[in-house]
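Residue-level structure breakdown
Residues per chain, in single letters:
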Number of protein chains: 2
Amino acid sequence: MKRKITLKDIARELDVSISTVSKALKNSEEISRDTKEKVQAFARLYNYRPNNIAISLKNKRTKNIGVILPDIVHHFFTTVFHGIEKYANARGYNVIACISDESFDKEVINMEMLANGSIDGFIMALSAGTQLKNDYNHLRQVTDQGIPLVLFDRVTDEVACDKVVINDEEAAYLAVKKMINSGRKRIALLTSEAHFNVSEKRAEGYYRALREHSLPVDEELVLVLPHMYHEENLSEGFFRRTNPDAVLCVNEIYAVRSMRHLQSQGKRIPQDVAVIGFTDGILSRYSIPSLTSIAQHGELMGETAARLLVDRIEADFRDMDEPEYITEVIKASIIDRESTD
Amino acid sequence: MKRKITLKDIARELDVSISTVSKALKNSEEISRDTKEKVQAFARLYNYRPNNIAISLKNKRTKNIGVILPDIVHHFFTTVFHGIEKYANARGYNVIACISDESFDKEVINMEMLANGSIDGFIMALSAGTQLKNDYNHLRQVTDQGIPLVLFDRVTDEVACDKVVINDEEAAYLAVKKMINSGRKRIALLTSEAHFNVSEKRAEGYYRALREHSLPVDEELVLVLPHMYHEENLSEGFFRRTNPDAVLCVNEIYAVRSMRHLQSQGKRIPQDVAVIGFTDGILSRYSIPSLTSIAQHGELMGETAARLLVDRIEADFRDMDEPEYITEVIKASIIDRESTD
DNA sequence: TATCAACACGAAAACGGTTTCGTGCTTGAT
DNA sequence: ATCAAGCACGAAACCGTTTTCGTGTTGATA
């Protein structure tokens with residue numbers, strides 16, 4: 001077991017000072033060619049690597065960014081994470097990941113763990129618990145310390161920071177419009193009570209599309225499901241009762257389940273009922289029939305959030321005046337598949 | 001913007017030494033009650049938190065663990081990651097995540113980035129590229145430095161370290177046996193050429209089951225697909241040609257696709273053809289019909305890997321003798337659903 | 001009154017780097 | 001012979017902790 005070698009070791013071995021070694025390795029003009037070559041050769045031989053922690057302490061920058069996600073089973077967050085990781089790595093940053101499991105407490109604990117020097121900035125989507133509690137003090141505490149923060153997808157107006165969102169309202173509007181244009185009259189909405197902001201926006205788009213096409217708004221056609229919804233048959237009665245000819249779902253799980261229930265009731269998709277779901281994930285691609293869905297471009301969202309964050313981190317050192325915060329909007333798009341015509 | 005407060009700040013403000021402050025905050029016996037109360041009150045008031053980086057430098061332990069995954073779109077790795085994160089957090093560790101994208105080079109770069117002090121240990125699954133290249137020097141370099149390493153799922157005998165695997169051979173064997181017992185005679189295997197070790201093990205189990213039940217081994221019934229296989233119809237001809245009455249797939253995507261092709265050829269599942277897939281993910285649960293699949297218990301695997309790693313990290317400081325490495329086997333289990341009878 | 005513990009605290013080294021500011025020596029010019 | 005400049009390097013501070021090892025003061029004891 002070869003222990004890690006330090007500047008001090010090299011200095012002792014070569015009988016020069018630590019400062020000389022440090023400078024030699026940075027190819028400083030101050031040091032003679034001879035010495036530089038000697039030091040660099042020795043360093044290469046013993047595979048010297050500077051200790052990141054020491055550098056972090058000195059520079060007060062860790063080159064780590066903290067990412068806090070509500071969960072990681074949802075494909076959307078996974079793709080966002082991938083986008084973040086990809087972009088961050090390309091700019092020399094590591095990603096420290098924490099899962100809040102939709103819990104306010106975990107979110108707070110995770111942020112506090114990381115905020116004490118471990119990271120240069122945060123990227124996060126609010127947990128359901130936090131949105132419910134409507135308490136954002138832990139976020140403000142972070143920004144007050146001058147730690148850059150970027151919120152994505154599940155954001156709030158209560159905190160001043162950079163944000164990345166998608167045009168949920170617009171996307172829902174376009175999806176509903178598409179179904180109206182293909183002759184659908186009774187369009188159901190399956191939504192969840194959990195991530196308020198997002199679900200709300202999507203519902204707004206749904207209502208706007210109905211209004212703008214003079215279709216009656218029938219609250220019977222809107223089903224709000226609890227967040228961690230595992231009842232297999234909760235929506236079956238709903239379909240039987242309301243008899244829709246189109247369904248918009250705020251995620252693909254609801255959509256696939258709906259298709260299943262509709263099919264078992266003898267409905268053909270898309271002939272009798274058209275279905276569109278949010279979140280273009282694995283299920284949409286591989287379900288039978290495959291699902292027309294609204295792609296949120298998670299990877300792009302992640303890259304965008306990471307770009308905003310890194311830019312902010314690296315700007316921090318030039319100008320310290322009060323910043324103008326940016327909100328970037330990622331355009332969702334409809335991926336046409338077999339569940340619509 | 002309130003800047004972070006340090007021991008030095010408190011010391012200056014309260015006109016005591018830094019050492020006194022440090023001890024007072026740790027409730028040391030050395031310090032008088034008066035001073036302790038004064039210091040602690042001040043620290044609470046200004047919300048003092050020790051700087052993690054400084055502590056890491058001093059202790060030579062970061063309380064971070066590095067996790068390197070081949071990808072994160074496969075649900076299996078996602079669940080493993082969740083297991084790791086959960087367990088690590090519970091023991092006070094953060095998780096730094098890197099995605100190798102199945103590339104040898106990225107794997108090497110990521111490991112080198114993290115190995116210079118950023119983390120106390122690694123958990124990883126080998127990338128396809130690394131397995132292809134069969135080059136494990138970057139891993140040995142890490143273990144040689146005394147950094148604990150745990151490999152999971154995609155492992156190799158070439159590196160001495162703790163490992164967590166599943167009983168792939170056994171699981172495939174049981175799956176095939178199950179189908180034989182329900183009267184199937186022509187059992188196809190859809191496998192991939194990518195993660196050699198794993199796919200090979202599963203194929204072995206498939207062959208063993210056939211042999212032990214005196215079924216003929218027909219190489220025509222084995223289809224090896226390239227790793228990133230996106231051709232929609234590559235297996236359609238295969239099914240038409242070989243006409244199997246059961247299919248075992250090494251992942252759920254192959255399984256769901258197979259069902260789709262079989263159905264479009266007029267086969268009923270499971271009456272005409274039974275299908276079992278590895279990896280019990282979202283697709284298995286929500287496909288129509290739902291897919292009988294082999295659960296790899298990723299979360300448990302992650303927890304186990306994290307436990308091994310943290311134990312190893314924390315043991316490092318007691319005994320430094322040559323360790324006995326452990327390989328833990330996670331038992332896969334078959335989840336019965338509609339695609340088998 | 002001299003001695004000695006016990007107490008309460010501070011100085012300083014250490015972790016592994018970076019960086020500023022000398023400083024001794026050589027060299028060339030005057 | 002003297003002096004300034006420039007080269008090549010070292011000393012030391014610093015980042016924010018922890019921890020060891022003093023040390024000055026107090027009160028009790030002989």
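Cut-offs used in this document
Sequence positions are assigned chain by chain, starting from 1 and proceeding in written order. As they are written, the chains are lettered A onward and the ligands numbered 1 onward, keeping that order. Note on the predicted model: pLDDT of at least 70 is required for a residue's local features to be given, and 80 or more for side-chain atom pairs to be given and counted; whole-chain, interface and lining totals, by contrast, use all residues. Side-chain descriptors were evaluated using all non-hydrogen atoms of the structure, hydrogens and water having been removed beforehand. Throughout, the term near means that a residue has one or more heavy atoms lying within 4 Å of the molecule or strand in question. What qualifies as a polar contact is a pair of N or O atoms within 3.5 Å, subject to a donor-acceptor requirement within protein and to the restriction that residues adjacent in sequence count only when both atoms come from side chains. The way it works is that DSSP assigns letters per residue, a run of H or I at least four long becomes a helix, a run of E at least two long becomes a strand, and they are numbered from the N terminus. Classification used: nonpolar for Ala, Val, Leu, Ile, Met, Phe, Trp, Tyr, Cys and Pro, charged for Asp, Glu, Lys and Arg, polar for all others including Gly. UniProt positions are given in the numbering used here, feature names are shortened, and annotations may be inferred rather than shown by experiment. Per-residue accessibility, obtained with a 1.4 Å probe over protein chains only, is compared with the maximum for each type, and a residue is labelled buried under 20%, exposed over 50%, and partly exposed between these values. At least two DSSP bridges between two strands are required for those strands to pair. Residues belong to a common nonpolar core when they are buried Ala, Val, Leu, Ile, Met, Phe, Trp, Tyr or Cys residues joined through side-chain atoms within 4.5 Å. Working rule for contacts: check all heavy atoms of both residues, and any pair within 4.5 Å makes them a contact. As a working definition, buried area equals the accessible area (1.4 Å probe) given up by two parts on being put together, with both sides summed. Any carboxyl oxygen of Asp or Glu within 4 Å of a side-chain nitrogen of Lys or Arg constitutes a salt bridge here.

**Quick word on the protein's contact with DNA strand C**
Taken together, 28 residues sit near DNA strand C, with Thr 20, Lys 23, Glu 30, Thr 35 and Lys 60 of chain B positioned nearest. The contact atoms of DNA strand C, taken as those within 4 Å of the protein, divide so that sugar and phosphate hold 55%. Between DNA strand C and Tyr 48 of chain A there is a distance of 2.8 Å, counted from a sugar or linking oxygen to a side-chain nitrogen or oxygen. The side chain of Thr 35 of chain B places a nitrogen or oxygen atom 2.5 Å from a phosphate oxygen of DNA strand C. When residues of the surface near DNA strand C are traced back to their parent elements, those giving at least two are helix H1 (7-14), helix H2 (18-25) and helix H4 (52-59) of chain A together with helix H2 (18-25) and helix H4 (52-59) of chain B. A per-element tally of the surface near DNA strand C places H2 of chain A first, with 4 residues. Of the residues assigned to the surface near DNA strand C, the class counts are 9 nonpolar, 9 polar and 10 charged.

**Notes on the UniProt feature "domain: HTH lacI-type" (unreviewed entry) in chain A**
Mapped onto the present numbering, the UniProt feature "domain: HTH lacI-type" (unreviewed entry) falls on residues 5-59 of chain A. Secondary structure across residues 5-59 of chain A comprises 67% helix and 0% strand; the distance between its end C-alpha atoms is 21 Å.

**A word on the protein's contact with DNA strand D**
Around DNA strand D, the structure places 28 residues, and the nearest of them are Thr 20, Lys 23, Glu 30 and Thr 35 of chain A together with Ser 22 of chain B. For DNA strand D, the fraction of protein-proximal atoms (within 4 Å) that sit in sugar or phosphate groups is 60%. Contact between DNA strand D and Ser 22 of chain B: a phosphate oxygen at 2.8 Å from a side-chain N or O atom of the residue. At a separation of 3.2 Å, a base oxygen of DNA strand D approaches a polar side-chain atom of Lys 23 of chain B. Elements with a minimum of two residues in the surface near DNA strand D: H2 and H4 of chain A together with helix H1 (7-14), H2 and H4 of chain B. Looking at the surface near DNA strand D residue by residue, the class counts come to 9 nonpolar, 9 polar and 10 charged.

**Things to note about the pairing of strand E3 (residues 121-124) of chain A**
Residue and element names in this part refer to chain A. Alternating positions in E3 separate into two faces, Gly 121 and Ile 123 on one and Phe 122 and Met 124 on the other, with burial throughout. As defined by bridge partners, strand E1 (residues 64-69) adjoins E3 across 4 bridges and the pair is classed as parallel. Paired with Ile 68 across the two strands is Met 124, which belongs to E3. Of the strand pairs in this sheet, E3 and strand E4 (residues 149-152) are connected by 3 bridges, and their pairing is parallel. Along E4, the bridge assignment pairs Met 124 with Leu 151.

**So, the nonpolar core**
Counting residues in hydrophobic clusters, the biggest one holds 137 residues, and the most contacted among them are Ile 123 and Leu 248 of chain A together with Ile 123 and Leu 248 of chain B. The contact partners of Leu 248 of chain A, leaving out residues within four places of it in the chain, are Ala 172, Ala 175, Val 176, Met 179, Ala 188, Leu 189, Leu 190, Ile 276, Phe 278 and Ile 294 of chain A.

**Re the interface of chain A and chain B**
With 55 residues of chain A at the interface, the matching set in chain B holds 56 residues. In terms of surface lost to chain B, no three residues of chain A exceed Ile 53, Tyr 286 and Ile 288 of chain A, which account for 14% of the buried area on that side. Applying the counting rule to chain A against chain B returns 2 salt bridges. Residues Glu 338 of chain B and Arg 260 of chain A are paired through a salt bridge, measuring 2.7 Å at the closest nitrogen-oxygen approach. Seen at the junction of chain A and chain B, the total is 20 residue pairs in polar contact (both at pLDDT 80 or more). Secondary-structure elements contributing two or more residues to the side of chain A that touches chain B are H4, helix H5 (75-90), strand E2 (94-99), helix H6 (104-115), helix H8 (137-144), helix H12 (252-264) and helix H13 (282-286) of chain A. Looking at which element gives the most residues to the side of chain A that touches chain B, the answer is E2 of chain A, with 6 residues. A class-by-class count of the residues in the side of chain A that touches chain B yields 23 nonpolar, 20 polar and 12 charged. Both E2 of chain A and strand E2 (residues 94-99) of chain B contribute to a ladder of 3 bridges, which runs antiparallel.

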